[in-house]
Amino acid sequence: MRQNSHGPVIQRRDGRRRVLSIIAAPLWAAFLASASLPAQDKITVNFGGQAESYSLSMAARHGVDYASIGELADLLGITQYTNTQNRKTIFRLGARTLKIVPGSPFFMLDSDAYQMALPTLDVDGKTYVPLVLFIESTKPFFNVRIFYDQQKRHLRISKISETITGIEIFDKGNGTVVKLSTSKAFRKADVAASISDRWLNVTLYGGSLDSAFLASAPLSGMVREIRPYPFVQSAQISFRLAQDMADKSVNVEPNAVYISVFRSGRPAQTPLYNAEAEKQKWAIDCIVLDPGHGGRDPGAIGPSGLREKEITMDVANRLKTELKTRLQGVSVLLTRENDMFLGLKERTQFANASRGKLFISIHVNANRARSVRGVSTYFLGVSRSPQALEAAQKENSVVQLEESSEAYEEFQDASYILNSIAQSSYLKESRDLAQMVNLSLKKMMGIPDQGVHQAGYWVLIGAAMPCILVECGFISNQYEERLLKTRSFRQKIAGGLCDSIVRFINRYETEIR
């Protein structure tokens, strides 16, 4: 880390694994020898504006204060889970994920690897982190500001009240775009931008910022240094550029300000930032269909031997054909194209990697009571009825056929499901899609309506898009099994799904325009 008068400036190397070195890493193997070091003292913790204080277990080693990361997470209300096999601790805050291993200087923040100058410690079975280094290197994870006074062993935690909450820099073909995330909407008249001596100076009237936090934003593109200046009624951020820039432009959105700088004059036809192009990113241009089960997993089996995996594959192919006909220019992908086995996580990972905008997992239901009939649709949540719980347990049991089910241990905790719901930006959309699908299928298929439910379907966890699971009738019921055997009934299922998906897309894209 290098310091300037405006706070720390942290440099990070880009690559497949991005590593942040807070200071030159010393030889730290000796620290691991003290793995059983007992906690020696407590750190006093205060939340901004509150008189009440809390304590945090700490241990000191060679003048470095270590604190219990588990206790810190509890104080901040962050969900945590420890894998008993590899002892990796996973923390989740909103959409962010932090993974820490005892005895290692490395940790994962989302998909990026970082390195501290010192490793974590194992103290009486708990993971302790070098507090100052940890706070500096994980600033992007927390939604609060954390300040530590090592001399007084006092930790102060305060809410983020600044209106400028983050900086992102994007390198473009003819220049660079700087995005300022904001907690309030600024008018274009509130933003002033100028270029002088290779400095881009941006002033937001009515803005406020945290100098140390913003100065540590990752550098990219043409930006070589960031200097934030807080004032009483405004905030200025100056960006040192690698070369002279010919022009600039400013665009504002409800929670962001975009400043584009151009190397050789503003292009007439291809602006670096375009509001319509930004909205287009949210348009539903890729739908991922997930035919449930497959390969060594037949799914539910009907009284006559009809297998769920055969129905889901056929319906998915029919639905793909319908969608391709009615939605020109929309990509429709299947998680599996043939009778192959696919793990639950692999299905949503495929959807995310394919930049899917909708995820529909197709199944048929089964029940020990052979008289139960009807169609039902689910979106992610904690099961609130015996029917939803039984259906989810049936579909989740497929993990027993996977080579390793350890990755699903945390899924069994209801709090994990609740946290996954909190992370999802698409809960409302998933519910709306489920309601449309269920209504359309009931009308098209002519069978009873078992309703729309929330349930802890593991195949829906982690999908970065609206996602639902549909149970297209009960294969355990002799009458519905006979229907499911016919091509005409499967076509009705595909038609009902297609109608509701098209209707959902039309409404969704109208809302984002």
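Since the structure is predicted, the reported quantities are computational estimates derived from the model, not experimental observations. (Residues numbered from 1 in each chain as written. Predicted model: local features only at pLDDT ≥ 70, side-chain atom pairs only at ≥ 80, totals over all residues. Heavy atoms only, no water.)

Caption draft 1: Quick look at the pattern of salt bridges. Under the criterion given, the structure shown has 18 salt bridges. In this structure, the salt-bridge partner of R307 is E310, at a minimum N-O distance of 2.8 Å. Judged by its relative accessible area of 33%, R307 falls in the partly exposed class. Residue class for E310 comes out partly exposed when judged on its relative accessible area of 33%. Between D314 and R318 there is a salt bridge, and its shortest N-O distance comes to 2.9 Å. Pair noted here: D314 and R318 are both in helix α6 (residues 308–326), with a separation of 4 residues, about one helical turn. (Salt bridge = Lys/Arg side-chain N within 4 Å of Asp/Glu carboxyl O. Buried < 20%, exposed > 50% of the residue type's maximum accessible area, 1.4 Å probe, protein only. Helix = DSSP H or I, 4+ residues; strand = E, 2+ residues; numbered from the N terminus.)

Caption draft 2: Seen up close, helix α7 (residues 344–353). Listed as buried for α7 are L344, R347, T348 and A351. Taken down its axis, α7 places every buried residue within 85° of arc, on the same side. Downstream of α7 by one or two residues, R355 has phi in the positive range, about 55°. (Arc of directions from axis to C-beta.)

Caption draft 3: View of the nonpolar core. In this structure, I287, L319, L323, L358, I360 and I493 are the most contacted members of the largest nonpolar core, which totals 45 residues. It is helix α12 (residues 487–512) that provides the largest number of residues to this core, a total of 10 residues. Leave out the neighbours within four places in its chain, and L323 touches I287, L289, V332, C498 and I501. I43, I135, F141 and I157 belong to the second-largest nonpolar core, a separate cluster that totals 37 residues. (Core = buried A, V, L, I, M, F, W, Y, C linked by side-chain atoms within 4.5 Å. Contact = heavy atoms within 4.5 Å.)

Caption draft 4: The confidence of the model for the protein chain, seen in detail. When pLDDT is averaged along the protein chain, the result is 77; 75% of the residues meet or exceed 70. The low-confidence segment residues 267–271, where pLDDT is below 50, has 2 contacts with residues more than four positions distant or belonging to other chains. Low pLDDT (under 50) marks residues 405–424, which in the prediction has 44 contacts with non-local residues, meaning those over four places away or in another chain. (pLDDT = per-residue confidence, 0-100.)

Caption draft 5: Highlighting the sheet that holds strand β17 (residues 191–196). One open sheet holds the 4 strands; their spatial order is β17-β18-β20-β19, and the pairing between them is antiparallel. Looking at strand neighbours, the two that pair on one side only are β17 and β19 (223–230), the edges of this open sheet. Neighbour to neighbour, the strand axes of the sheet diverge by 15° on average, direction disregarded. Two strands pair when backbone bridges link them, and β19 and strand β20 (residues 234–241) are joined in this way by 7 bridges, in the antiparallel orientation. Bridge pairing in β20 links E225 to R240. (Pairing = 2+ DSSP bridges. Axes fitted to C-alpha atoms, helices over the stretch in contact; angles between N-to-C directions.)

Caption draft 6: Spotlight on the sheet that holds strand β15 (residues 164–172). Taking strand neighbours across the sheet as the criterion, the 4 strands line up as β15-β16-β22-β21 in an open arrangement whose pairing is antiparallel. Across the chains shown, the open sheet's two edge strands, defined by having one partner strand only, are β15 and β21 (247–253). Within this sheet the neighbouring strands show an average axis-to-axis angle of 15°, counted without direction. Note that β21 and strand β22 (residues 256–262) share 7 bridges and pair antiparallel. The residue bridging S249 from the neighbouring strand is S260, located in β22.

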